[in-house]
Amino acid sequence: MSSSDSKPGPKPGPWPPAPESSAMPPSTWAKRTGFRPKFSGEATATDSGQVPLPASVRARQPETQPDLEAGQPRLRPPPGPAVANGETDKEKKEKPPQPQPPPPPPPPPGAGPVKRRRDSDGATGRSNGPDGANGSGDPIRRPTRIEETVEVLPQSVDDDLVARSLHMKYGLRDTPGLVPIGFYGLQHYLSMLGSLILVPLVIVPAMGGSHEDIANVVSTVLFVCGITTLLHTSFGSRLPLIQGPSFVFLAPALAIINSPEFQGLNGNNNFKHIMRELQGAIIIGSAFQAVLGYSGLMSLILRLINPVVVAPTIAAVGLSFYSYGFPLVGKCLEIGVVQILLVVIFALYLRKISVLSHRIFLIYAVPLSLAITWATAFLLTEAGAYTYKGCDPNVPESNVVSSHCRKYMTRMKYCRVDTSQALRSAPWFRFPYPLQWGVPIFSWKMAIVMCVVSVIASVDSVGSYHASSLLVASRPPTRGVVSRAIGLEGFTSVLAGLWGTGTGSTTLTENVHTIAVTKMGSRRVVELGACVLVILSLVGKVGGFIASIPQVMVASLLCFMWAMFTALGLSNLRYSEAGSSRNIIIVGLSLFFSLSVPAYFQQYGISPSSNLSVPSYYQPYIVASHGPFKSQYKGVNYVMNTLLSMNMVIAFIMAVVLDNTVPGSKQERGVYVWSDSETVTREPALAKDYELPFRVGRFFRWVKWVGI
């Protein structure tokens, strides 16, 4: 018996045999960047980053493949000649047959198993023996190259089907009936209630404004939000993004409010004077933002803005208000803590409970928790829980003589719900008008601060444009559309400065979360809601009702909103390789120094025994009076100390410098891929998503950097 006869037979393979799965074609972004993800512990992951499904599951799935880049279904091409590597079957038949290389000679009798090494492209040569033969002893021949099938989007498909994601109820250009539009519009704006109304409830009391001033500013904010949202959905990015008072402008506004030159003012004179200073700074900073957009400079800046830059910059905005949140909640713990617990329970523990296919607790977490806590506080107030004999909560604390009453004044002020007279004093009708607080005051040092802040607001908006377009549109916008949108945001912020909202008007970061939760991507819904906001702003009692929200509840909601803002900023890292050591170090350094460097500026020159004239939660914003930067020019000192004490400024500087100087591939950095003119020509759905209405776009065709 020869030695070959004593060899064991081939080992049987697994039963049933595993089905052959064709590789998923990479998306457009993957083709440009050479993206080939590697997941630790997922050996069965395909090149697209998805684990292949069993054959029985794939057979039941529709003839669509999700586009990982745009979040859209990629339809298979209609029946026709198959395409592989750019050649159809007909072209292959017409080509002369290519000569095949002769097969290798068989091994001599009695020889042991001959194994061939694996080629670099994954193919294996012929091998005899147990590892290289099938059940019949024939050699296994594997293809030397995997043919990549490129799916082409057919032009005859309905555009609405192309523009709609599988997980969205309505796409960008969908127009549901009047009743669905009204319902979803109310739902959309209620889910973002905190972002729309909380900023004026913070800055107006800081300026020394009365309850009537708070009501008037809230009505003005609602009016400007409605107008700017209509302008943005029509002539800006055309995405369903609500415009409003962004938290990006809150820190510089508080810094200007607490400037040394305003410490001697008091009462209503203080409010109007500071508001006019804010108006002047916002107008100049917003005009600078408009120039960035409409001049085309934003198209160049986009090359520096990537997820690794956006994530720490926006996260630093939310983290910067840690000193304001819970210290104010502690003024009335039984109300503030209950508010925080309720919003957390609704948003997390009850988020999957649906009523009529709507996750009411997740969508309405903020208004529901506010209503329950407000009702509880009202019952406690009426029951006399915060009533003390001989003490009047409406008397200023400085005029209280009794030590007994002085002990409980803080508790009565922050726990009672009847201390505000805003609802009672507000008129039924009030029309917000420009320059209602007086002529703006222009100061160059405050204007420079706002110009820098407008750049960071643009970074925030760029991240929102990209993330929301992947949810609702057929493709991301072009660089020209982004520049056009940033330019319009600058123009709308100028309107906010003229009307006197106290902050600029930009794209709210919470838009992306709201669209993902409500699954509503129609711009018609947002436009109808904007019209409703304008109408509500004319009813003065609405502003008075919102101004009556106790400060402790406002601080409790802000704790949740700022935490959400931080998380939404960090979520931009999903477009990059979040596990890359390069990105981890850049984001970590940016976040750490965004907290540490401002802390140095804010604590410089302040001793524990210092008698400060502002509450503890406003101390981070008085750095202009004691910062370490000291030169012979007071204006320069103000600008440098103020800017370097802002967390978002330090995070932005660190992230931009490191991300654009440390070597890294486009895949690793997650470089934003915007659509180009060729994509617009090839896909008419893209042009319909972003083109301007009423044929306005034809006047801007010669300006390539602000159009499609």
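Residues numbered from 1 in each chain as written. Predicted model: local features only at pLDDT ≥ 70, side-chain atom pairs only at ≥ 80, totals over all residues. Heavy atoms only, no water.

- Taking an unreviewed UniProt entry as the reference, the chain is identified by name as Nucleobase-ascorbate transporter 12 belonging to Noccaea caerulescens.
- Taken from UniProt, the Sequence similarities (unreviewed entry) comment for the chain reads in full: "Belongs to the nucleobase:cation symporter-2 (NCS2) (TC 2.A.40) family."
- The annotation that UniProt attaches to the chain under Subcellular location (unreviewed entry) is "Membrane". (UniProt positions renumbered as here; feature names shortened; annotations may be inferred.)

### So, the pattern of salt bridges
And then number 1: Across all of its chains, the model carries 8 salt bridges by this definition.
And then number 2: The partner of Asp689 in a salt bridge is Arg173, with the nearest N and O atoms 2.6 Å apart. Of this pair, Asp689 sits in helix H29 (residues 684-690) while Arg173 is found in the loop between helix H4 (159-163) and helix H5 (178-191), placing the two residues 516 residues apart along the sequence. For the pair Asp689 and Arg173, one class covers both residues: buried.
And then number 3: Between Arg411 and Glu334 there is a salt bridge, with the nearest N and O atoms lying 2.7 Å from each other. On the criterion of sequence distance, the pair formed by Arg411 in helix H16 (residues 403-415) and Glu334 in helix H13 (residues 333-349) is long-range, its members being 77 residues apart.
And then number 4: Under the relative-accessibility criterion, Arg411 is labelled partly exposed at 31%.
And then number 5: Bridged by salt links that share partners, the residues Arg582, Asp659 and Arg669 form one connected network. (Salt bridge = Lys/Arg side-chain N within 4 Å of Asp/Glu carboxyl O. Helix = DSSP H or I, 4+ residues; strand = E, 2+ residues; numbered from the N terminus. Buried < 20%, exposed > 50% of the residue type's maximum accessible area, 1.4 Å probe, protein only.)

### Remarks on helix H15 (residues 365-382)
And then number 1: Here H15 contains 18 residues, and its C-alpha end-to-end distance of 26 Å stays within 8% of the 26 Å for a straight helix at 1.5 Å per residue.
And then number 2: A positive phi of about 85° marks Gly384, the residue just after H15. (Expected span 1.5 Å × (residues − 1).)

### Digging into the confidence of the model for the chain
Parts of the model with low pLDDT should not have their predicted coordinates read in detail.
And then number 1: Residues of the chain with pLDDT of at least 70 account for 72%, and the chain-wide mean is 77.
And then number 2: Predicted confidence for residues 37-95 stays below pLDDT 50, and this span has 98 contacts to residues more than four positions away or in other chains. (pLDDT = per-residue confidence, 0-100. Contact = heavy atoms within 4.5 Å.)

### Considering the state of the cysteines
And then number 1: For the structure on display, the rule yields 1 disulfide.
And then number 2: The disulfide partner of Cys332 is Cys415, and the gap between their sulfur atoms is 2.0 Å. Every disulfide takes its handedness from the sign of the S-S torsion; for Cys332 and Cys415 that torsion is 125°, giving right-handed. Pair noted here: Cys332 is in the loop between helix H12 (322-329) and H13 and Cys415 is in helix H16, with a separation of 83 residues, a long-range link.
And then number 3: For Cys332, a relative accessible area of 0% corresponds to the buried category.
And then number 4: We classify Cys415 as buried; its relative accessible area is 2%. (Disulfide = S-S within 2.5 Å.)

### Considering the packing of aromatic side chains
And then number 1: Summed over the entire model, instances satisfying the criterion amount to 16 aromatic pairs.
And then number 2: Ring geometry for Tyr575 versus Tyr672: centroids 6.4 Å apart, planes at 65°, classification edge-to-face. Pair noted here: Tyr575 is in the loop between helix H23 (551-570) and helix H24 (581-603) and Tyr672 is in the loop between helix H27 (666-669) and helix H28 (677-682), with a separation of 97 residues, a long-range link. Like Tyr672, Tyr575 is buried.
And then number 3: In textbook terms, an aromatic cluster arises when at least three aromatic residues are bridged by ring pairs, as seen for Phe247, Phe321, Tyr324, Trp562 and Phe565.
And then number 4: Against the face of Tyr638 rests Lys445, its NZ or CZ located 4.6 Å from the ring centre.
And then number 5: One cation-aromatic arrangement involves Lys541 over Trp428; the distance from NZ or CZ to the ring centre is 5.5 Å. (Phe/Tyr/Trp six-rings, centres within 6.5 Å; stacked < 30°, edge-to-face > 60°. Lys NZ or Arg CZ within 6 Å of the ring centre and 35° of its normal.)

### Focus on the nonpolar core
And then number 1: Core analysis: the largest hydrophobic core is formed by 126 residues, its most contacted members being Met207, Phe247, Leu250, Val462 and Ile549.
And then number 2: In terms of residues, this core owes the most to one element, helix H18 (residues 444-472), which gives 13 residues.
And then number 3: Apart from the residues within four sequence positions on either side, Phe247 is in contact with Val199, Val317, Phe321, Glu510, Leu558, Met561, Trp562 and Phe565.
And then number 4: Residues Leu573, Ile586, Leu591 and Leu658 belong to the second largest nonpolar core, which totals 8 residues. (Core = buried A, V, L, I, M, F, W, Y, C linked by side-chain atoms within 4.5 Å.)

### Topic: unusual backbone geometry
And then number 1: We note that Arg238 has phi near 70°; this positive angle belongs to a residue other than glycine.
And then number 2: Residue position: Arg238 is located in the loop between helix H7 (211-235) and strand E5 (243-245).
And then number 3: When its relative accessible area of 7% is taken as the criterion, Arg238 is described as buried.
And then number 4: Phi at Leu435 takes a positive value of approximately 55°, unusual for a residue other than glycine.
And then number 5: Looking at the secondary structure, you find Leu435 in the loop between helix H17 (422-425) and H18.

### Points about the environment of Val337
And then number 1: With respect to the helices, strands and loops of the structure, Val337 is situated in helix H13.
And then number 2: When its relative accessible area of 30% is taken as the criterion, Val337 is described as partly exposed.
And then number 3: Along the sequence, Val337 and Thr373 sit 36 residues apart, while their C-alpha atoms lie 9.8 Å from each other.
And then number 4: Setting aside residues no more than four positions away along its own chain, Val337 makes contact with Phe326 and Val329.

### Notes on the side chain of Asn216
And then number 1: For Asn216, the location among the structural elements is in helix H7.
And then number 2: Judged by relative accessible area, which is 12%, Asn216 ranks as buried.

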